[in-house]
Amino acid sequence: MAGLLRWTGSLRLRLVAVFALVALTAAVAVSGIAYWLNRDAVLTRAQNSVLNDFQDSLQRNAASLPIDPTCQSLNDAAGRIGGPDTYQVVLIDTTPDNGPCAAPSDRELFSTDDVPQSLQRAVNTLHKDGAYHLLWERISLQGHPYLVAGARINGQGPTGYMLKSLDAERKDLNSLAWSLGIATLLALIGAALLAQAAGSAVLRPVRRLGEAAQRLGEGHLDTRLKVTGTDELADMSRTFNSAAEALESRVEELSAREAASRRFVADMSHELRTPLTAITAVTDVLEDEAEALDPMIAPAVRLVVSETRRLNELVETLMEVTRFDAGTAKLRVDEVDVADMIMACMDARAWLDSVELDAPRGVLATLDPRRLDVIMANLIGNALKHGGSPVRVSLREEAGQIVIAVSDHGPGIPEDVLPHVFDRFYKADASRARSEGSGLGLSIAMENAHIHGGDITAANRPEGGAVFTLRLPVRPASTDDPADDPATGPAGEAR
């Protein structure tokens, strides 16, 4: 069906159809005109020949007829005028005893009953002026064409009618019609072949343009078209090449800027780790001594400790983001019981009393335990911070995948926010720009799902609240990973 639609909607087929339609119209018009001109010429020539012969024969034999001819003399004259090889004749007159007489040359082939009444009335009407008039009509008898003509001899003499078969002319015209039909068919085939050749010549550059556009869309920015000629197709190829060059230049510029930004973030994160390590050690000491400090200084110390930890988490998060952007993040997989992994994640963060868990044991999967911990920490922490109790985590296996759903009973996610919940640094509430979350947690969770070959979706439950659904393959496609690639990330980013 798809192939049929592609053919019926193709430019080549439409071009062939247009050529064929134009050729058919022209051929039919020319053939029709030629047929009617030849038909008129053939019938006129045959008609004039037989009418002239009939007229001459009537005039030659009129002298041999008496003033008041008898039926016998009329029969003799009809035999001399008509014949089986020329045409049939019937002579009509009144005998000396005022009796009607119709003398045919062959009674079985032609009689007055075969003469149209309209022709008889016209002949009987025109003889009254004394002039000689020869009238004719074309008729059909038993499916065969005939020419019938009539005239009054010498004004007051007998009336003669002639019947001539036109079968020979009809055969000639039928042969001509067949010849014109074959010529029309050949013209149609020739037009289709010509359209095919023209279509190939015209559509070949268009097809090359489509293939080049496809390669360009696949990322081959060095794709160019060979330009030949000065026609519109050549102009189109030049335009494509100019657009491809501009696009390649722009993409290279943006790629360079993006690479510089990534290097800056990576370098900044690495540079910050050294002073942060020292600061963290100092803040740990200050936190231990906070109870012994002056009550006026203790709150400031606690604030410094809190912000230092937050800054340390942000640096680790940025380093994880740079790993994903650079494509260096790999998997270190192991076969684990998914329910145990979820339980361990919740236990490490003291969430066991805050979350309802529906996870049957025995669901085994080959995955990176640390990355699964990051995903679950973000999804559950997000539900606890921004959803409503109770938060529920359910686990099931279906169609070669493990499916983990984290749902809450909060107000849900606004419809305009849903498409952006996994965007980096996105926060639904703009007033919370300075909050405990960096806006990267859900983005990192999604990246960790993707590196497993899985996905995360967000939706609102009909009964209220949001639900995040994680789907991971039971066995990922890639399992190699450097030993020093930690899969860290903040737990519970804002949505």
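Residues numbered from 1 in each chain as written. Predicted model: local features only at pLDDT ≥ 70, side-chain atom pairs only at ≥ 80, totals over all residues. Heavy atoms only, no water.

(A) Expanded view of the overall build of the protein. Scanning the protein from terminus to terminus reveals 10 helices and 12 strands. Each of the 495 residues in the protein was classed as buried or not, and the buried ones make up 38%. Long-range contacts, defined as pairs at least 24 residues apart, comprise 66% of the intrachain contacts of the protein with a sequence gap of at least 6. As displayed, the protein has an accessible area near 27,600 Å², and 57% of this comes from carbon and sulfur atoms. (Helix = DSSP H or I, 4+ residues; strand = E, 2+ residues; numbered from the N terminus. Buried < 20%, exposed > 50% of the residue type's maximum accessible area, 1.4 Å probe, protein only. Contact = heavy atoms within 4.5 Å. Areas by Shrake-Rupley, 256 points an atom, 1.4 Å probe, with all protein chains shown as cover.)

(B) Examining the sheet that holds strand S7 (residues 355-358) more closely. Spatially, S7-S9-S10-S12-S11 is the arrangement adopted by the five strands of the open sheet, whose pairing is mixed. Bordering the open sheet on either side are S7 and strand S11 (455-460), each of which pairs with just one other strand. If you compare each strand with its neighbour and ignore which way they point, the axes differ by 15° on average. The pairing of strand S9 (residues 391-398) with strand S10 (residues 401-407) spans seven bridges and is classified as antiparallel. (Pairing = 2+ DSSP bridges. Axes fitted to C-alpha atoms, helices over the stretch in contact; angles between N-to-C directions.)

(C) The arrangement of the packing of helix H8 (residues 338-348) against helix H9 (residues 369-386) in detail. Axis separation between H8 and H9 bottoms out at 9 Å; the angle between their running directions is 55°. It follows from the interaxial angle that H8 and H9 lie oblique. In this structure, H8 crosses over H9, and the sense of that crossing is right-handed. On H9, the residues touching Val338, Met341, Ile342, Cys345 and Met346 of H8 are Pro369, Leu372, Asp373, Met376, Ala377 and Ile380. Of the residues contributing to the contact of H8 with H9, the split by class is 10 nonpolar, no polar and one charged. (Parallel < 35°, antiparallel > 145°, perpendicular 65-115°, else oblique. Left-handed = near helix turned anticlockwise from the far one by under 90°. Nonpolar A, V, L, I, M, F, W, Y, C, P; charged D, E, K, R; others polar.)

(D) Main features of the sheet that holds strand S2 (residues 100-104). Spatially, the five strands line up as an open sheet ordered S2-S1-S5-S4-S3, and their pairing is antiparallel. Unpaired on one side and paired on the other, S2 and strand S3 (134-141) mark the two borders of the sheet. Averaged over neighbouring strand pairs, the angle between their axes works out to 20° when direction is ignored. Of the pairings in the sheet, the one linking strand S1 (residues 88-94) to strand S5 (residues 159-165) comprises five bridges and is antiparallel in character. Residue leucine 91 lies in a different strand from S5, and its bridge partner there is glycine 160.

(E) View of a positive patch on the surface. A cluster of like positive charges, contributed by Arg204, Arg207, Arg208 and Lys226, occupies part of the molecular surface. Among the secondary structure elements, arginine 208 is positioned in helix H5 (residues 167-217). (Patch = residues over 30% accessible without salt bridge, like charges linked within 9 Å, V, L, I, M, F, W, Y side chains within 5 Å. Salt bridge = Lys/Arg side-chain N within 4 Å of Asp/Glu carboxyl O. Lys, Arg positive; Asp, Glu negative; His and termini not counted. Charge placed at Lys NZ, Arg CZ, Asp CG, Glu CD.)

(F) Geometry of the state of the cysteines. Under the definition given, this model contains one disulfide. Here cysteine 71 engages in a disulfide with cysteine 101; their sulfurs sit 2.0 Å apart. Taken together, the residues cysteine 71 in helix H3 (residues 71-81) and cysteine 101 in strand S2 connect sequence positions 30 residues apart. (Disulfide = S-S within 2.5 Å.)

(G) Quick peek at the confidence of the model for the protein. For the protein, the average pLDDT comes to 78, and 81% of its residues sit at 70 or higher. Counting interchain partners and residues more than four positions distant, the pLDDT-below-50 stretch residues 4-8 has two contacts. Here residues 480-495 scores under 50 on pLDDT; set against residues more than four positions off or in separate chains, the count is 68 contacts. (pLDDT = per-residue confidence, 0-100.)

(H) Local environment of the pairing of strand S12 (residues 466-473). Extensive coverage of S12 is indicated by the burial of seven of its eight residues. Sheet topology places S11 next to S12; six bridges connect them, and they run antiparallel. What sits directly across from threonine 457, in S12, is threonine 469. Where S11 folds back onto S12 in an antiparallel hairpin, the turn is made up of five residues, including glycine 464, whose phi is positive at roughly 110°.

(I) Main features of the pattern of salt bridges. One pass over the structure, following the stated rule, counts 12 salt bridges. Note that arginine 238 and aspartate 235 form a salt bridge whose closest N and O atoms lie 3.0 Å from each other. You can see arginine 238 and its partner aspartate 235 sitting in helix H6 (residues 232-288), three residues apart, about one turn around the helix. Its relative accessible area of 40% is what places aspartate 235 among the partly exposed residues. Note that arginine 392 is salt-bridged to aspartate 358, the shortest N-O span being 3.1 Å. With a gap of 34 residues between them, arginine 392 in strand S9 and aspartate 358 in strand S7 connect regions that are remote in the sequence. Residue classification places arginine 392 among the partly exposed positions, given a relative accessible area of 34%. Aspartate 358 gets classed as partly exposed once you look at its relative accessible area, which sits at 37%.

(J) Broad picture of the environment of threonine 184. As for its position among the elements, threonine 184 is in helix H5. Residue threonine 184 is classed as buried on the basis of its relative accessible area, which comes to 12%. Between the C-alpha atom of threonine 184 and that of serine 31, which follows or precedes it by 153 residues, the distance is 7.3 Å.

(K) Representation of H3 within the structure. Taken together, the buried positions of H3 are Ser73, Leu74, Ala77, Ala78 and Ile81. The buried residues of H3 occupy one face: seen down the axis, they fall within an arc of 135°. (Arc of directions from axis to C-beta.)

(L) Quick look at the packing of H9 against helix H10 (residues 441-451). Closest axis-to-axis distance for the H9/H10 pair is 9 Å, and the angle between their directions is 145°. For H9 against H10, the interelement crossing comes out left-handed. Every residue of H10 that contacts H9 at Arg371, Val374, Ile375, Asn378, Leu379 and Asn382 is listed here: Gly441, Leu442, Ile444, Ala445, Asn448, Ala449 and Ile451. By residue class, the composition of the contact of H9 with H10 is eight nonpolar, four polar and one charged.

(M) Geometry of the packing of aromatic side chains. Overall, the coordinates contain three aromatic pairs when judged by the stated rule. Their ring planes at 90° and their centres at 5.9 Å tell us that phenylalanine 54 and tyrosine 87 sit as a pair that is edge-to-face. Of this pair, phenylalanine 54 sits in helix H2 (residues 11-62) while tyrosine 87 sits in the loop between H3 and S1, and the two are 33 residues apart along the sequence. Neither residue differs from the other here; phenylalanine 54 and tyrosine 87 are each classed as buried. (Phe/Tyr/Trp six-rings, centres within 6.5 Å; stacked < 30°, edge-to-face > 60°.)

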